[in-house]
Amino acid sequence: MQPSKWVIEQIKHIPKAGHVLDLAAGSGRHSRFLLTLGFKVTCVDIDVTRLNDLEPATGCRIVQADLEGSSHWPFTELFSGILVTNYLHRPLFKDLMNSLCGGGVLIYETFMSGNEQYGKPRNPDFLLEEDELRNVFDGPLRIINFTQGYVEEPKPAIMQRICARKPSI
Ligand SMILES: C[S@@+](CC[C@H](N)C(=O)[O-])C[C@H]1O[C@@H](n2cnc3c(N)ncnc32)[C@H](O)[C@@H]1O
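A quick note: this is a predicted structure, and the numbers were derived from the prediction, not measured. Starting from 1, residues in each chain are numbered consecutively following that chain's sequence as written. Local features in this predicted model are restricted to residues of pLDDT 70 or higher, and side-chain atom pairs are both shown and tallied only at a pLDDT of 80 or more, whereas totals for entire chains, interfaces and linings draw on every residue. Note that the side-chain values use all heavy atoms of the structure and ignore hydrogens as well as water.

S.K.: I tried to follow the site of the ligand on my own but got confused; where do I start?
M.R.: The environment of the ligand is made up of 14 residues, and the closest members are Ala24, Arg29, Asp45, Asp66 and Thr85. In the analysis that follows, any N or O atom pair within 3.5 Å is treated as a polar contact, provided that within protein one partner can donate a hydrogen and the other can accept it, and provided that, for residues neighboring in sequence, both atoms belong to side chains. One nitrogen or oxygen atom from the main chain of alanine 24 is found 2.7 Å from a nitrogen atom belonging to the ligand. Here an oxygen atom of the ligand and a side-chain polar atom of aspartate 45 are 2.5 Å apart. Each accessible area is a Shrake-Rupley result for a 1.4 Å probe, and residues are judged covered by the shown protein chains and nothing else. Bound to the protein, the ligand loses 76% of the 590 Å² it would expose on its own. For each residue, the test is whether any non-hydrogen atom lies within 4 Å of the molecule or strand; if one does, the residue is near.

Structure representation (structure tokens):
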């Protein structure tokens, strides 16, 4: 799967040469792209088997962790960017905000209610509600872009997307 075009457009908002966390990174489609741009990248996933080839790459760290387990947040450091795509576990929202440095940028893209008619996910636990990302992150973060609704690519789906910056104190 190619990196999301919308995500690629938002990457320019992340402070240059910063450290980006790719949460539930999967095969690392976005981590690989970020590495080509000179970002330092930490990928985390419960299953890192599709990331292992990245280990020797300069600037890449792979973390195996169950983000939904009892000690769910494995990081103490702050990131200049956090990227989440096609993954939703609501208890992590606060950790995402707390783990951004001042000026750091959250990029979040995943499925929302209404997607049931097009395919998986259909479980409401994995589908954002209308305006949910905006309602959660507007305030603690400053919204740069927010969209929701039907997308044609990479496959017909109902998605919600936010790009937002943590204010510098
Ligand atoms: C649909 S994939 C999305 C992968 C990637 N973000 C992307 O868009 O290409 C969802 C990912 O969440 C990971 N995941 C699911 N449950 C998890 C958990 N409890 N802790 C960490 N990762 C988890 C899966 O292993 C999988 O790689």
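S.K.: Would you explain the packing of aromatic side chains in this entry?
M.R.: Both the distance between ring centres and the angle between the ring planes are used here to describe each pair of aromatic rings. For Phe, Tyr and Trp, rings pair up if their centres lie within 6.5 Å, where Trp contributes its six-membered ring, and each pair is then called stacked (planes under 30 degrees apart), edge-to-face (over 60) or tilted (otherwise). For the structure shown, the criterion picks out 5 aromatic pairs. Here the aromatic rings of phenylalanine 93 and phenylalanine 137 are separated by 5.4 Å at their centres, their planes lie at 70°, and the arrangement is edge-to-face. Within this pair, whereas phenylalanine 93 is found in helix α3 (residues 93-98), its partner phenylalanine 137 is found in helix α4 (residues 132-137), the two being separated by 44 residues in sequence. Note on exposure labels: buried denotes an accessible area under 20% of the residue type's maximum, exposed denotes more than 50%, and partly exposed covers the range between, all computed with a 1.4 Å probe on protein chains only. Given the relative accessible area of 0%, phenylalanine 137 is considered buried. An angle of 50° between the planes, with centres 5.5 Å apart, marks the rings of tyrosine 118 and tyrosine 150 as tilted. Separated by 32 residues along the polypeptide, tyrosine 118 in the loop between β5 (100-111) and α4 and tyrosine 150 in strand β6 (residues 142-151) bring together distant segments of the chain. You can call tyrosine 118 partly exposed: its relative accessible area is 37%. Numbering of helices and strands runs from the N terminus; a helix is a DSSP stretch of H or I covering at least four residues, while a strand is a stretch of E covering at least two.

S.K.: Where do I start with the pairing of strand β4 (residues 79-85) in this structure?
M.R.: Sheet faces and side chains relate simply in a regular strand, where the side chains alternate between the two faces. Counting buried residues along β4, 7 of its 7 residues qualify, which places the element largely inside the surrounding structure. Criterion used throughout: strands pair if DSSP finds at least two bridges between them. Where strand β1 (residues 19-23) meets β4, 4 bridges bridge the pair, whose relative direction is parallel. Pairing of leucine 21 across the sheet is with isoleucine 82, part of β4. Summarising the sheet, β4 and β5 pair through 6 bridges and their orientation is parallel. Looking across to β5, one finds that threonine 85 is bridged to glutamate 109. For the crossover from β4 across α3 to β5, the handedness is right-handed. The definition of a right-handed crossover adopted here requires that, viewed with the strands pointing away, the path from the first strand over the helix to the second runs clockwise.

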